[in-house]
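# Inside the fold
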Amino acid sequence: MRCCGSRLSRSWRAPTTVYFVSGGNPWLYAILFFTPDLSFAAYALHARLGAIVYNTVHSYISAILLAGAGWLLGIDLLWQIALILTAHAGFDRSLGYGLKYASAFSHTHLGVIGKRN
């Protein structure tokens, strides 16, 4: 399926496939896939804090660290969540939603998102 081009399908399909091939629970995936977007709520407190929280949650480095912890501790749930986080981050980036700058939620490393003035 090519919704928005091949970039969309490549960026989140691989971690999603690995998740399900390794026996991941479909309900867990469905519930947690968009959960990282709740991190934008930190913007209500302060733009800089919002950017830090949002970027930490949407970073591939966070997913790698979580997967590593799951592997080292032998906790399958942690690396499964890391796969979901990786899929979510890839999905967001494929749609043009990048890591945020502290200046505004709409200012990302991929460009400005939303309505133009």
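The structure we're discussing is the one just above.
The paragraphs below set out a description of the structure included in this document. (Residues numbered from 1 in each chain as written. Predicted model: local features only at pLDDT ≥ 70, side-chain atom pairs only at ≥ 80, totals over all residues. Heavy atoms only, no water.)

### Observations concerning the packing of aromatic side chains
Defined as follows: Within 6.5 Å between ring centres, the rings of Phe, Tyr and Trp (the latter by its six-membered ring) count as paired, and their orientation is classed by plane angle as stacked under 30 degrees, edge-to-face over 60, tilted in between. Secondary structure counts use DSSP, requiring at least four H or I residues in a row for a helix and at least two E residues in a row for a strand, with both numbered from the N terminus. When a residue's accessible area, from a 1.4 Å probe over protein chains only, is under 20% of the maximum for its type it is buried; when over 50% it is exposed; and in between it is partly exposed.
Applying the stated criterion across every chain yields a total of nine aromatic pairs. Seen in terms of ring centroids, Tyr19 and Phe20 are 5.1 Å apart; in terms of plane orientation they differ by 85°. Their pairing is edge-to-face. Here the aromatic rings of Phe34 and Phe91 are separated by 6.1 Å at their centres, their planes lie at 75°, and the arrangement is edge-to-face. A residue pair is termed long-range when its members are at least 10 positions apart, and Phe34 in the loop between helix H2 (26-32) and helix H3 (47-57) and Phe91 in helix H5 (residues 76-94) qualify at 57 residues. Under the relative-accessibility criterion, Phe34 is labelled partly exposed at 47%.

### Concerning the nonpolar core
Counted only if it meets this: Residues grouped as a nonpolar core are buried Ala, Val, Leu, Ile, Met, Phe, Trp, Tyr and Cys residues, joined through side-chain atoms within 4.5 Å. In this analysis, two residues are considered to be in contact whenever any of their non-hydrogen atoms come within 4.5 Å of each other.
Membership of the largest hydrophobic core is limited to seven residues, which are Tyr19, Tyr29, Phe33, Leu83, Ile84, Ala87 and Phe91. No other element matches H5, which puts four residues into this core. Contact partners of Tyr29, with chain neighbours within four places excluded, come to Trp12, Thr16, Tyr19, Phe20, Ile84 and Ala87.

### What about the packing of helix H4 (residues 60-73) against H5?
Definition in use: Structural elements are reduced to axes, namely lines fitted to C-alpha atoms, with helices fitted over the stretch in contact, and the angle between N-to-C directions of any two is expressed from 0 to 180 degrees. Any angle that falls under 35 degrees is termed roughly parallel, while one over 145 is termed roughly antiparallel, one within 65 to 115 roughly perpendicular, and all others oblique. Take the far helix as the reference: if the near one is turned anticlockwise from it by less than a right angle, the crossing is left-handed, and if turned clockwise, right-handed. Nonpolar residues are Ala, Val, Leu, Ile, Met, Phe, Trp, Tyr, Cys and Pro. Charged residues are Asp, Glu, Lys and Arg, and all others, Gly as well, are polar.
Two elements in contact, H4 and H5, have axes separated by 7 Å at closest approach and are oriented at 165°. As summarised for this structure, H4 and H5 are arranged roughly antiparallel, according to the angle between their axes. Here the hand of the crossing between H4 and H5 comes out left-handed. Two secondary-structure elements touch here, H4 through Tyr60, Ser62, Ala63, Leu66, Ala67, Ala69, Gly70 and Leu73 and H5 through Leu78, Trp79, Ile81, Ala82, Leu85, Thr86, Ala89, Gly90 and Arg93. Counted by class, the contact of H4 with H5 contains 12 nonpolar, four polar and one charged residues.

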